[in-house]
Amino acid sequence: MRAFRDRIAVAGIGYSPLTRRPERSLASLAAEAVDAALADAGLDRRALDGLATSPSMPRYGGAKGTVEGIDVVTPWALGERLGIHTHTRWTGSTNGMVTQAFMEAAMAIASGVCSHVVVYRALHVPPGSYINYENRYSVGPEQWLAPFGFSGPPSWAASVVKRYFEMFGYSRADLARYIVDNRANTCRNPNGFWRGKPLAADDYLNARMIADPMSILDCDIPVDGCAALLLTSTERARDLKRKPALLTGFSAGTHSPPTGVPMTLDDIWIGCEQVAARLWEATGLGPSDFDTAQLYDGFAPFVYLWLEGLGIVPRGEGLAFLRDGHGSLGGKLPVNTGGGALGEGRLHGMTQLAEAVIQVTDRGGERQVPGARRAIATISNGLTKATAFAISRDEGQ
Amino acid sequence: MTVESEAVLRPLPLGDEVSEAFWDAAKAGRLDIQRCRACRRWNHAPSLACPTCGSEDLGYETVSGKGSLFTWCVLKEAPAPGFRDMLPLIVAIVELAEQPHLLLSTNIVGAREEELRLGMPLEVTFERVTEDCALPQFRPAREAA
Ligand SMILES: [Zn+2]
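Attention in this report is confined to the structure presented alongside it. Here the structure is a predicted model, which means the values were calculated and not measured. (Residues numbered from 1 in each chain as written. Chains lettered and ligands numbered in written order. Predicted model: local features only at pLDDT ≥ 70, side-chain atom pairs only at ≥ 80, totals over all residues. Heavy atoms only, no water.)

With that settled, consider the overall build of chain B. From N to C terminus, chain B includes two helices and nine strands. Ordered by position from the N terminus, the helices and strands of chain B form the series α-β-α-β-β-β-β-β-β-β-β. In terms of overall dimensions, chain B is globule-like: its C-alpha atoms have a radius of gyration of 16 Å, near the 15 Å expected for 145 residues. Dimensions of chain B along its principal axes, counting C-alpha atoms only, are 45 × 40 × 25 Å. With 145 residues in all, chain B has 48% of them scored as buried. Excluding contacts between residues fewer than 6 apart, the proportion of contacts in chain B whose partners are at least 24 apart in sequence is 52%. Taken as a whole, chain B presents about 7,100 Å² of accessible surface, with 48% of it coming from carbon and sulfur. (Helix = DSSP H or I, 4+ residues; strand = E, 2+ residues; numbered from the N terminus. Rg over C-alpha atoms; globule rule 2.2 N^0.38 Å. Buried < 20%, exposed > 50% of the residue type's maximum accessible area, 1.4 Å probe, protein only. Contact = heavy atoms within 4.5 Å. Areas by Shrake-Rupley, 256 points an atom, 1.4 Å probe, with all protein chains shown as cover.)

Residues and elements named next belong to chain A. Residue placement: A27 occurs in helix 1 (residues 26-41). Each C-alpha atom, one on A27 and one on D224, is 11 Å from the other, the two residues being 197 residues apart in sequence. Leave out the neighbours within four places in its chain, and A27 touches G69, V73, L78 and R81.

For any pair of aromatic rings, geometry is given as the distance between the ring centres together with the angle between the planes. Under the counting rule described, the total for this entry stands at 14 aromatic pairs over all chains. For the pair A:W144 and B:F22, a centre-to-centre distance of 4.9 Å together with 85° between the ring planes defines the contact as edge-to-face. With A:W144 in the loop between strand 5 (137-138) and helix 4 (153-168) and B:F22 in helix 2 (residues 20-27), this pair bridges two chains. Residues A:W144 and B:F22 agree in their burial class; the two are buried. (Phe/Tyr/Trp six-rings, centres within 6.5 Å; stacked < 30°, edge-to-face > 60°.)

Attention now goes to the coordination of the zinc ion. Ideal coordination angles are 109.5 degrees for a metal with four donors arranged tetrahedrally and 90 or 180 degrees for a metal with six donors arranged octahedrally. Residue and element names in this part refer to chain B. Here the zinc ion is held by the protein donor atoms C36 (SG), C39 (SG), C50 (SG) and C53 (SG), which lie 2.3 to 2.4 Å from it. Coordination at the zinc ion is tetrahedral: its four donor atoms span angles of 102 to 115° at the metal. Look at where the donors of the zinc ion fall in the sequence and you get C-x2-C-x10-C-x2-C. The exposure class assigned to C36 is buried, which follows from its relative accessible area of 0%. (Donors = N, O, S within 2.8 Å, 3.2 Å for Na, K, Ca; no water. Tetrahedral: all angles 85-135°; square planar, octahedral: opposite > 155°, others 65-115°.)

One open sheet holds the three strands; their spatial order is 3-2-4 (chain B), and the pairing between them is antiparallel. The outermost strands of the open sheet, each flanked by one partner alone, are strand 3 (42-43) and strand 4 (58-62) of chain B. (Pairing = 2+ DSSP bridges.)

Further remarks concern helix 1 of chain A. Residues and elements named next belong to chain A. For helix 1, built from 16 residues, the straight-helix expectation of 22 Å at 1.5 Å per residue is met to within 8% by its first-to-last C-alpha distance of 23 Å. Of all 16 residues in helix 1, twelve are buried; the element is thus mostly enclosed. Within helix 1, the full set of buried residues consists of L26, A27, S28, L29, A30, A31, A33, V34, A37, L38, D40 and A41. Those residues of helix 1 hidden inside the fold are in contact with strand 1 (8-15), helix 2 (75-82), strand 4 (117-123) and strand 8 (225-233). Positive phi appears at G42, one or two residues downstream of helix 1, with a value of about 80°. (Expected span 1.5 Å × (residues − 1).)

The structure is reproduced here in structure tokens:
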């Protein structure tokens, strides 16, 4: 795996607007993001010979949107729309997190199958309640959850937080500083959904409770939109418009979540630790080698659980680390400097990857961590399909 | 039953070949959990093969119904139309007494939110939801577990 080190680079970043209820189709937003990533690198559609994503539409209970171009944008449909299907050599469509598609794209380049691959994540927010279990019967894994009302991620996450709070004596007040700082980071990010909307600690403490202790402000913000990253070889990237960000290594987790119950705190710890151990093995790096950390925040508690799982702090101390400001800009290890999914928008880890690239290429503007050489990005919650990436500044040539 | 009245009910479990014995037992007021006949490990949710030893020789046995509170949360918004009249709803994970980390999703009944604490002893009780369905629920244990 170390032979792979720094041979693949991210050479372009592209975003569509991240908004709610846009007039445009998701396919149109996806095409805009891909074109933006190409333009960022100084390329056009003719250069592109690979596309990869995870097109799944997250919705729990009831109708699951699957209409091509509206609810999902598969690489096949996007290739047609971009007019590149004639020369596309590979498309990846991983059922899981989009970051698994990112790994496959990197391997497609490393193997020589492709020269330039765009990894994108396009998401649509369907009308109605995101979580509303409308089915009369629950079958398969849902039979153990839905009859008890345990049918949506906020309640799963809340049950993880409750155990954590009870074990270590924390409360929601301990997270307020992180939430406020994170929103401030978002306000420095031109792509952020919540830019221009700073938050105070009281806003967090008085936020609408969904599943106590999980409030609306502990959840990421669902958006319509797309982010895209252009991957190529490091060698080719050095001739393109932007300074590249190097993929030093990655890892994926396979720790099985429990069955019959939602994810548990104990299993998230074990899973995060597994992903971390594999990343250290793949890269030769360790928990103290990073200048900034972009940690998955589909739900806020995952941020401190990743700090613990990565070994940056011991179990039980992640929330204190955030409470004491060590994750702030200017702190020991600035965390989610672009606002993450809580502030920038739900793009399932693309936020974290894009921000890691931005930081090691000095493109962070007001939110830049001075001279950041290495960034770690972690995606998902540590259980199966969780991933981690080490992204480094290009100091070669 | 009209469509309208169905909409107000909470989602019902639909058992399958592997799980129907669990739901049949609940209907009869018993908590039966799958157990491997080869390695004797308890297993929930039930599966086709034992996740510990891989044996396909699995059966169900009745457990004590005792457990402890592993974690919980309190729903302030209905997760389905049928829960609208049940808020705030305490959803929980119970660790059954038979084996460490033998976990079951459930609701806590007969206790107020502020009485709950990690590890508190619980016991099973069954809530009949329809003529054909009963759900295992947990309440504070009446005697020491
Ligand atoms: Zn066994």
